[in-house]
Amino acid sequence: MHRTGLLSISDFAEFSRTTRDTLLHYDRIGLLSPVLRGDNNYRYYSGNQLPIVNVIRTFQQLGMSLDEIMRLKDHRTPELANTVFERQIEEIDNKISEWVNARKLLLTLKKAITSVSGIDESVITVKHLPAEAIILGEINDYSRSRTDYDALLSFYHDIAQKYPNIDLNYPVWAMYSQDQLIKRDWNNPERYYFYNPDGYDRRPAALYAIGYTRGGYKPNNELYERLEEFIIENDYEICGNAYEEYPLNEICAINDNDYLIRIMITVRKKDTDINH
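Throughout what follows, the structure given in this document is the object of discussion. Values in this document were obtained by computation on a predicted structure and should not be read as measured data. Sequence positions are assigned chain by chain, starting from 1 and proceeding in written order. Per-residue local features of the predicted model are confined to residues with pLDDT of at least 70, and side-chain atom pairs are confined, for both listing and counting, to 80 or more; whole-chain, interface and lining totals are unaffected and use all residues. Remark: hydrogens and water are excluded; side-chain values derive from all non-hydrogen atoms of the structure.

In this section: the overall build of the protein chain. Numbering of helices and strands runs from the N terminus; a helix is a DSSP stretch of H or I covering at least four residues, while a strand is a stretch of E covering at least two. Helix and strand counts for the protein chain come out as eight helices and eleven strands. In terms of overall dimensions, the protein chain is more spread out than a globule: its C-alpha atoms have a radius of gyration of 30 Å, far above the 19 Å expected for 276 residues. Once the C-alpha set of the protein chain is aligned to its principal axes, its extents read approximately 95 × 40 × 40 Å. Scored against the burial criterion, the 276 residues of the protein chain give a buried share of 38%. By definition in these notes, contact holds between two residues if any of their heavy atoms fall within 4.5 Å. Here the analysis covers contacts within the protein chain between residues at least 6 apart in sequence; of these, 72% occur between residues at least 24 apart. Accessible surface, the protein chain as shown: approximately 16,400 Å² in total, 50% of it carbon and sulfur. In this tally, Lys and Arg are treated as positive and Asp and Glu as negative; His is ignored, and so are the chain termini. Every charge is mapped onto a representative atom, which is NZ of Lys, CZ of Arg, CG of Asp or CD of Glu. Computed over 32 positive and 42 negative side-chain charges, the inter-centroid distance for the protein chain is 7 Å. C-alpha atoms define the radius of gyration in this analysis, and the globule rule sets the expected value at 2.2 Å times the number of residues to the power 0.38. To sort residues, take the accessible area from a 1.4 Å probe on protein chains only and compare it with the maximum for the residue type: under 20% means buried, over 50% means exposed, and anything in between is partly exposed. Here, Shrake-Rupley sampling with a 1.4 Å probe gives the accessible areas, and only protein chains in the shown set may cover a residue.

Listed below in structure tokens is the structure:
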């Protein structure tokens, strides 16, 4: 049976990107019924009903139940519809922000894993690395017997206060100052930081001596000693901070013995002020 200007339930399901069963259910509960039933009980819909299906599906995706959508339908007015739309637009904006932040986090974690793909952990290298956006904490306070854990809690507190819109769900790493490296003080980081594409600070573009080791969260004096020896033997000198991070950590490894630690010390060739 052909009805000019009307759509069969199969065509309407296709155009509305839903299913025939869903439309039958909407019809049974009185949420959306066909504009016409043929002599053979075939259902026919109007093209004007397509936006209604899209609104229903959008509301469902935003967490509204069919009962809530039914109540809106049964008591609908322009004012009520506008209020509901404003509330749902706000929900969408919040979800967009959450998804954007989640994407940034996953890209950052993926970049860390990719950065160590195929590396030779036994070899120390010297590379020029570009600047990276980071969130850098204040100088850690170890007075009054404060520990690394106390300093880390202060870092989170300070960053949350200073940057209330910054996502804190990023792995946090340790920075040691040039003065600490010269003094061979590798136990208490001067500052904490984490990578974040919206970061207001930068790990500077520079030449870095880079070394790796395996293990959990602990002092890595042995690797610092190897890096120090390499720097001296290859006529480099320390000219900046060290950045200690775990590109492979509990996010992607079950056993902490499989965590991969990377230490990057800012260096330059001796007798020159120019980084290569």
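From this point, things continue past the structure.
Looking now at the pattern of salt bridges. Oppositely charged side chains can form a pair if their charged atoms are brought close together. A pairing counts as a salt bridge when a side-chain nitrogen of Lys or Arg comes within 4 Å of a carboxyl oxygen of Asp or Glu. A full pass over the atoms with the stated rule returns 14 salt bridges. Lys-104 is the partner of Asp-198 in a salt bridge, and the nearest nitrogen-oxygen pair spans 2.7 Å. In this pair, Asp-198 sits in the loop between strand E7 (191-195) and strand E8 (201-203) while Lys-104 sits in helix H5 (residues 78-115), placing the two residues 94 residues apart along the sequence. With a relative accessible area of 35%, Asp-198 lands in the partly exposed category. Taking relative accessible area as the criterion, Lys-104 reaches 25% and is therefore assigned partly exposed. Among the charged side chains, a network of salt bridges with common partners joins Asp-27, Arg-37 and Arg-43.

On to the nonpolar core, then. Note that soluble globular proteins tend to have their nonpolar side chains buried in a common cluster. Grouping buried Ala, Val, Leu, Ile, Met, Phe, Trp, Tyr and Cys residues that are joined through side-chain atoms within 4.5 Å yields what is termed a nonpolar core. Counting residues in hydrophobic clusters, the biggest one holds 49 residues, and the most contacted among them are Tyr-193, Phe-194, Tyr-224 and Ile-265. If near-sequence neighbours (up to four positions away) are discounted, Tyr-193 is found in contact with Ile-134, Ile-135, Leu-136, Phe-155, Pro-171, Val-172, Trp-173, Ala-174, Met-175, Tyr-243, Glu-244 and Glu-245. In this structure, Tyr-26, Val-53, Ile-69 and Met-70 belong to the second largest nonpolar core, which totals 19 residues.

Attention now goes to H5. Expected helix span is computed as 1.5 Å times (number of residues minus one). A rise of 1.5 Å per residue sets the reference length of H5, with its 38 residues, at 56 Å; its end C-alpha atoms lie 54 Å apart and thus fit the reference within 8%. All of the buried residues along H5 are Ala-81, Val-84, Gln-88, Leu-105, Thr-108 and Leu-109. Residues of H5 that are buried make contact with helix H3 (50-61), helix H4 (66-74) and E7.

Helix axes are fitted to C-alpha atoms over the stretch in contact, other axes to C-alpha atoms as well, and angles between N-to-C directions run from 0 to 180 degrees. At a minimum axis distance of 10 Å, the contact between H3 and H4 shows a crossing angle of 135°. With respect to their mutual orientation, H3 and H4 come out oblique. Considering only the axes of H3 and H4, their crossing is right-handed. Seen from H3, the contacting residues are Ile-56, Phe-59 and Gln-60; seen from H4, they are Leu-66, Ile-69 and Leu-72. In this classification, the charged set is Asp, Glu, Lys and Arg, the nonpolar set is Ala, Val, Leu, Ile, Met, Phe, Trp, Tyr, Cys and Pro, and all remaining amino acids, among them Gly, are polar. Class assignment for the residues of the contact of H3 with H4 results in five nonpolar, one polar and no charged. An angle counts as roughly parallel when it lies under 35 degrees, as roughly antiparallel when it exceeds 145, as roughly perpendicular when it falls between 65 and 115, and as oblique in every other case. Should the near helix be turned counterclockwise from the far one by less than a right angle, the crossing is left-handed, whereas a clockwise turn marks it as right-handed.

What follows covers the pairing of strand E9 (residues 206-214). Taken across its nine residues, E9 has seven buried, putting it largely inside the fold. If DSSP finds at least two bridges between two strands, the strands pair. Of the strand pairs in this sheet, strand E4 (residues 125-129) and E9 are connected by five bridges, and their pairing is antiparallel. Bridging across to E9, Leu-129 finds its partner in Ala-206. Bridging between E9 and strand E11 (residues 260-269) involves seven bridges; their strand directions are antiparallel. Opposite Ile-210, over in E11, you have Met-264 as the bridge partner.

Another point: the sheet that holds strand E2 (residues 36-37). Strand order in the open sheet made by the three strands is E1-E3-E2, with antiparallel pairing throughout. The open sheet has two edge strands with one neighbour each: strand E1 (6-8) and E2. As paired strands, E2 and strand E3 (residues 43-46) are joined by two bridges and run antiparallel to one another. Bridge pairing in E3 places Leu-36 opposite Tyr-44.

With that settled, the discussion passes to helix H8 (residues 221-233). A rise of 1.5 Å per residue sets the reference length of H8, with its 13 residues, at 18 Å; its end C-alpha atoms lie 18 Å apart and thus fit the reference within 8%. Where H8 is buried, its residues contact E4, strand E6 (173-176), helix H7 (178-183), E9, strand E10 (236-248) and E11. Following H8 by one or two positions, Asp-235 has its phi on the positive side, about 60°.

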